[in-house]
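Descriptive analysis of the structure
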Amino acid sequence: MKAIVAFIEPKKQEFAKLPLFDFLANKHIHANQRLIFAPVLAPLAVGLSDLNKYVLRESSSNSKVQELINKYTYKKNYYWHDYLEYLEELGLNQLMSYGDFRLLWGEETKKTRSLCSVLERYAWKASPIEKLVLVEVLEGTAKVFFEAALGRRYSIRT
């Protein structure tokens, strides 16, 4: 596990340096503008919860690594709750219109919608170690994104 985290940490730090996160952390730009794309993330938030419940969790396994993953999937099974809490904290908890729903399921957002399906295909027959890598990467990505969205920068260790 330590080797996995040691491998992922520099990648997470590299990810945190992308210009998107400077933009997201810029408090001079109103949250409504910085996060105008937030509704498009709804299928991803719900899909990650399903990924935890139906793909990553494997209750019949005797693997110690799988036990860690199972604990994680119960603890972090509510990505969509976190997503809604972040929207609330940022003041972006508006009612959605019919046009918003068309945007969610339109051609422009098909890659975001399909991300969880792709992750499910990769994880379906993955070994516990491969699933653990996926869990660590998802968690790291979410941490960098939400810290920036809340106007904080991911602390990059040197």
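Chains are numbered independently. Their residues run from 1 in the order of the written sequence. This being a predicted model, a pLDDT of at least 70 is required before a residue's local features are given, and a value of 80 or more before pairs of side-chain atoms are given or counted; all residues contribute to the totals for chains, interfaces and linings. Only hydrogens and water are set aside when side-chain values are computed; all heavy atoms of the structure are taken into account.

Points about the environment of Asn 70
What counts here: Starting at the N terminus, helices and strands are each numbered in turn, a helix being any DSSP run of H or I of at least four residues and a strand any DSSP run of E of at least two. When checking whether two residues touch, look at their non-hydrogen atoms; a contact exists if any pair is within 4.5 Å.
Assignment of secondary structure puts Asn 70 in helix α5 (residues 64–75). Placed eleven residues apart in sequence, Asn 70 and Ser 59 show a C-alpha to C-alpha distance of 7.1 Å. With residues up to four places along the chain from it excluded, the contact list for Asn 70 reads Leu 56, Arg 57, Glu 58 and Ser 59.

Considering the packing of helix α1 (residues 2–16) against helix α9 (residues 128–149)
Counted only if it meets this: Comment: axis = line fitted to C-alpha atoms, over the contacting stretch for helices; angle = value between 0 and 180 degrees taken between N-to-C directions. Throughout this description, any angle smaller than 35 degrees is read as roughly parallel, any larger than 145 degrees as roughly antiparallel, any in the 65 to 115 degree range as roughly perpendicular, and the remainder as oblique. Helix crossings get a hand from a simple test, with the near helix turned counterclockwise from the far one by less than a right angle marking a left-handed crossing and a clockwise turn marking a right-handed one.
For the pair α1 and α9, the least separation of the axes is 10 Å and the interaxial angle reads 30°. Considering the angle they form, α1 stands roughly parallel to α9. Where α1 crosses over α9, the handedness of that crossing is right-handed. Contact residues: Ile 4, Val 5, Ile 8, Lys 12, Phe 15 and Ala 16 in α1; Ile 129, Leu 132, Val 133, Glu 136, Val 137, Gly 140, Thr 141 and Val 144 in α9.

Let's talk about a nonpolar patch on the surface
As a reminder of what qualifies: Here the term patch refers to residues with relative accessible area over 30% and no salt bridge, with like charges joined within 9 Å and nonpolar side chains (Val, Leu, Ile, Met, Phe, Trp, Tyr) within 5 Å. Surface accessibility in these figures is a Shrake-Rupley result with a 1.4 Å probe; residues are shielded only by whichever protein chains are displayed. Any Lys or Arg side-chain nitrogen found within 4 Å of a carboxyl oxygen on Asp or Glu counts as a salt bridge.
Taken together, Met 1, Val 5 and Leu 68 make up a surface patch of nonpolar side chains, about 260 Å² in accessible area. With respect to the secondary-structure elements, Met 1 resides in the segment before α1.

As for the pattern of salt bridges
What counts here: Only protein chains enter the accessibility calculation, which uses a 1.4 Å probe; a residue whose area is less than 20% of its type maximum is buried, one above 50% is exposed, and one in between is partly exposed.
In this structure the tally under the stated criterion is six salt bridges. A salt bridge links Lys 131 to Glu 58; the nearest nitrogen and oxygen atoms lie 2.8 Å apart. Placement of the pair is Lys 131 in helix α9 and Glu 58 in the loop between α4 (42–56) and α5, with a sequence separation of 73 residues. One salt bridge connects Glu 67 with Lys 64, and the closest N-O pair in it is separated by 3.9 Å. In this pair, Glu 67 and Lys 64 both sit in helix α5, three residues apart, roughly one turn of the helix. By relative accessible area, which is 62% here, Lys 64 ends up exposed.

Things to note about α1
The criterion, for reference: Working rule for helices: expected span equals 1.5 Å times residues minus one.
Here α1 contains 15 residues, and its C-alpha end-to-end distance of 21 Å stays within 8% of the 21 Å for a straight helix at 1.5 Å per residue. By the burial criterion, the buried members of α1 are Ile 4, Ile 8, Glu 9, Lys 12, Gln 13 and Ala 16. Its buried side turned inward, α1 meets α2 (19–25) and α9.

What to know about the packing of aromatic side chains
Selection rule: Classification of ring pairs uses Phe, Tyr and Trp, with its six-membered ring standing for Trp, and accepts pairs whose centres are within 6.5 Å; under 30 degrees between planes counts as stacked, over 60 as edge-to-face, and the remaining range as tilted. A positively charged side chain is recorded as over a ring if its NZ (Lys) or CZ (Arg) lies within 6 Å of the ring centre. The angle to the ring normal must also be within 35 degrees.
Using the criterion set out here, one finds three aromatic pairs in the structure. Centroid distance Phe 15 to Phe 21: 4.8 Å. Interplanar angle 65°. Geometry classified as edge-to-face. Since its relative accessible area comes to 29%, Phe 15 is described here as partly exposed. A relative accessible area of 1% means that Phe 21 is categorised as buried. Here a set of aromatic residues connected by ring pairs shows up, and it is made of Phe 37, Phe 145 and Phe 146. The side chain of Arg 57 reaches across the aromatic face of Tyr 74, ending 3.7 Å from its centre.

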